[in-house]
Amino acid sequence: MSYDLIILGGGPAGYLAAERAGHAKLKTLLIEKEHMGGVCLNKGCIPTKTLLYSAKIADGAAHGEKYGVKAKATIDHAAVVKRKDKVVKNLTSGVRASVQASGVEIVDALGVIKGRTSGGYTVEADGKAYEGKRLLIATGSLPVVPPIPGVKEGLKDGYVMTSKEALAITEVPKTLVVIGGGVIGLEMASYFNSAGAKVTVIEMLDKIGGAIDDDMAKILQKNYEKKGVTFKLGCKVTEVKGGQVFYEEKGKTESVPGDKVLLSIGRRANTADIGLESIGVAMERGAVLTDEQQKTNVPEVYAAGDVNGKSMLAHTAYREAEVAVNNMLGKRDRMRYAAVPGVIYTNPEVAGVGETEASAKAKGLDVIVKKVTMNYSGRYMAENEGGDGIIKLVVDKKWNTLIGVHMIANYASEIIYGAGLMVEKEMTIDEIKELIFPHPTVSEMIREAVFQL
Ligand code: NAI
């Protein structure tokens, strides 16, 4: 059987590319080995947000007295997980249906590239050979498993979990040790803290949240310390043994007990055993090397999503997939990464886009940095008794353009898109001053901060 396009992987990059290609009348085959929707829908973004929403309701009730509301809330974790499974099932079947509705065929099996043919490339799946004029590699990523003694064994016997297992457990552990204070570690720490676990986060660096702005990281940490989460920063995990996680702190070995351990120290591109070497796809640090049109070094072979190791976010994957399909169709399009928003769905939420103060300075950019408390927002004040949120702008001094926006406050995840638009379109501060924001909203803080520059 012969196709215009064969896509390997049915996550955000793969399924969106399939839909776009199908609508553009490319004869397309999508091969998915596990679940349509990939990590994002099945064991990442969506299940996590479902859990975190339940936690938000419980947290709101727990602090109701501050707002004149008396309530008592407890999280029924098994019920939360059941609802999460329902949401995931609805969404994954919706994705399958819309891919099929665009005229794309789906094969539920592992696809392996076998080599070149005169008309393109051969891919084997479920014992059958398929030929594609073009290929899109969208095989996603896997959790990094470090060679720390006890981790591999722990993953085998269920004591150590990755985010996938953590989203499926039906009982809340009394104590949870999180290895890695990045995005996954913090979102999971947030949920399990609300659900009643005593959480300790061990992070190698001296800040949480990876690349997020330093001020956001500090405020977020303070918020979670108040909620009872313990952070061990600048600490390297050395061993997992006998219900304890051992780590090195200032040259000394310490340990913390945990009923369960979550491993969240990053993800790596999933490139093994899919036959990339059979057609000579070039790699860089374990990921498929792509250019700004999502092309690999092999003609008519594209890659999008986590597998190229660039951004590892579902929304980047969507856009990379569109860029790839547009280029297959001969439409000019290129991928730009300067305005990819990042969100941590904790409570409060953290969101950012563009340069942070640190990244701008590291690039030698001449910038103005403005920090403004969220207390200037009427809506923020109405809804956040004792809140300590801030917004921070990074402005390019030479061009007077907004090149970075970072905020910690609820609704930040929804507001950041507007800031991303300003950064992407290289809007000047004077242009932003002319925009009208709805009142009262937390989004008005962008306007407020711009006028305080
Ligand atoms: P991450 O890269 O965000 O964070 C990993 C953290 O682990 C880093 O802070 C690192 O310093 C630390 N670390 C590494 N080795 C360590 C060690 N041996 N001991 C202690 N700490 C150590 O990776 P994470 O959280 O696993 O997330 C993986 C990917 O999933 C990310 O690329 C992220 O973008 C994506 N993701 C995005 C979400 C969102 O957009 N809201 C939610 C969840 C995941």
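Everything discussed here concerns the structure shown above.
I will try to describe carefully the structure that is included in this document. Since the structure is predicted, the reported quantities are computational estimates derived from the model, not experimental observations.

Definitions and limits used
Residues numbered from 1 in each chain as written. Predicted model: local features only at pLDDT ≥ 70, side-chain atom pairs only at ≥ 80, totals over all residues. Heavy atoms only, no water. Helix = DSSP H or I, 4+ residues; strand = E, 2+ residues; numbered from the N terminus. Buried < 20%, exposed > 50% of the residue type's maximum accessible area, 1.4 Å probe, protein only. Polar contact = N/O pair within 3.5 Å; in protein donor to acceptor, adjacent residues only side chain to side chain. Contact = heavy atoms within 4.5 Å. 1 Å grid on protein atoms, 1.4 Å probe; cavity = no way out; pocket = protein on both sides within 12 Å on 5 of 7 lines; lining within 4 Å. Points joined across faces, edges and corners; volume = space filled by probe spheres on them. Nonpolar A, V, L, I, M, F, W, Y, C, P; charged D, E, K, R; others polar. Near = heavy atom within 4 Å. Areas by Shrake-Rupley, 256 points an atom, 1.4 Å probe, with all protein chains shown as cover. Axes fitted to C-alpha atoms, helices over the stretch in contact; angles between N-to-C directions. Parallel < 35°, antiparallel > 145°, perpendicular 65-115°, else oblique. Left-handed = near helix turned anticlockwise from the far one by under 90°. Salt bridge = Lys/Arg side-chain N within 4 Å of Asp/Glu carboxyl O. Phe/Tyr/Trp six-rings, centres within 6.5 Å; stacked < 30°, edge-to-face > 60°. Pairing = 2+ DSSP bridges.

**A word on the side chain of Asn327**
For Asn327, the position within the fold is in helix 9 (residues 314–328). For Asn327, a relative accessible area of 12% puts it in the buried group. For Asn327, the side chain forms a polar contact with the side chain of Gln293, separated by 3.4 Å. Asn327 has contacts with Gln293, Tyr302 and Asp333, leaving out every residue within four places of it along the chain.

**What about the layout of surface pockets?**
Of the pockets and cavities examined, the second largest pocket occupies roughly 400 Å³. In terms of lining residues, the second largest pocket is bounded by 16 residues, among which His315, Arg319, Ala339, Val340 and Pro341 are the most central. When grouped by side-chain class, the residues that make up the lining of the second largest pocket number eight nonpolar, three polar and five charged.

**Let's talk about the site of the ligand**
The environment of the ligand is formed by 22 residues, the closest being Ile184, Glu187, Glu203, Gly266 and Val343. The backbone of Val343 places a nitrogen or oxygen atom 2.8 Å from a nitrogen atom of the ligand. Considered on its own, the ligand offers 850 Å² of accessible surface; in the complex 81% of this is hidden by protein. Among the elements of the structure, helix 7 (183–194) and strand 10 (198–203) are those that each provide at least two residues to the shell around the ligand. Of the residues in the shell around the ligand, the class split is 14 nonpolar, five polar and three charged.

**Some words on the environment of Lys72**
Along the chain, the position of Lys72 falls in the loop between helix 3 (45–62) and helix 4 (77–101). In sequence terms Lys72 and Asp215 are 143 residues apart; their C-alpha atoms lie 33 Å from each other.

**Focus on the packing of helix 3 against helix 4**
Helix 4 packs onto helix 3 with a crossing angle of 140° between their chain directions and a minimal axis gap of 9 Å. Regarding the angle of helix 3 to helix 4, the classification is oblique. As for how helix 3 packs across helix 4, the hand of that crossing is right-handed. In this structure, helix 3 uses Ile46, Pro47, Thr50, Leu51 and Ser54 to contact helix 4, whose residues at the interface are Val80, Arg83, Lys84, Val87, Val88 and Leu91. Partitioned by chemical class, the residues of the contact of helix 3 with helix 4 number seven nonpolar, two polar and two charged.

**Topic: the pattern of salt bridges**
Oppositely charged side chains can form a pair if their charged atoms are brought close together. If you walk through the whole model with that rule in mind, you get 21 salt bridges. One salt bridge in this structure joins Lys33 and Glu34, with 3.7 Å as the shortest N-O distance. Here the residues in one salt-bridge network are Asp213, Asp215, Glu357, Lys361, Lys371 and Lys392, joined through shared partners.

**Considering empty space enclosed by the protein**
Across all of its chains, the model carries two cavities of 30 Å³ or more by this definition. Taken as a whole, the largest cavity holds about 70 Å³ of empty space. Along the walls of the largest cavity sit Pro143, Val144, Thr162, Ser163, Ile184, Leu263, Ser264, Ile265, Gly266 and Arg267, which together make up its complete lining. Here the lining of the largest cavity is built from residues that sort into five nonpolar, four polar and one charged. Estimates place the volume of the second largest cavity at around 40 Å³. Taken together, Leu186, Ala189, Ser190, Leu220, Tyr224, Val229, Phe231 and Thr346 make up the full set of residues lining the second largest cavity. Breaking the lining of the second largest cavity down by element, the ones donating at least two residues are helix 7 and helix 8 (214–226). Ranked by the residues each element gives to the lining of the second largest cavity, the list is headed by helix 7, at three residues. Here the residues of the lining of the second largest cavity sort into six nonpolar, two polar and no charged.

**Some words on the packing of aromatic side chains**
Across all of its chains, the model carries three aromatic pairs by this definition. With a centroid separation of 6.3 Å and an interplanar angle of 50°, the aromatic rings of Tyr3 and Tyr130 are classed as tilted. In this pair, Tyr3 sits in strand 1 (residues 2–8) while Tyr130 sits in strand 6 (residues 128–137), placing the two residues 127 residues apart along the sequence. Using a relative accessible area of 2% as the deciding quantity, one classes Tyr3 as buried.

**Details of the sheet that holds strand 13 (residues 244–249)**
The strand order across the open sheet built from three strands is 12-13-14, with neighbouring strands paired in antiparallel fashion. The sheet is open, and its two edges are formed by strand 12 (236–241) and strand 14 (252–257), each paired on a single side. Between one strand axis and the next, the sheet turns by 25° as a mean value, whatever way the strands run. As defined by bridge partners, strand 13 adjoins strand 14 across six bridges and the pair is classed as antiparallel. In the strand pairing of strand 14, Val245 is matched with Val256.

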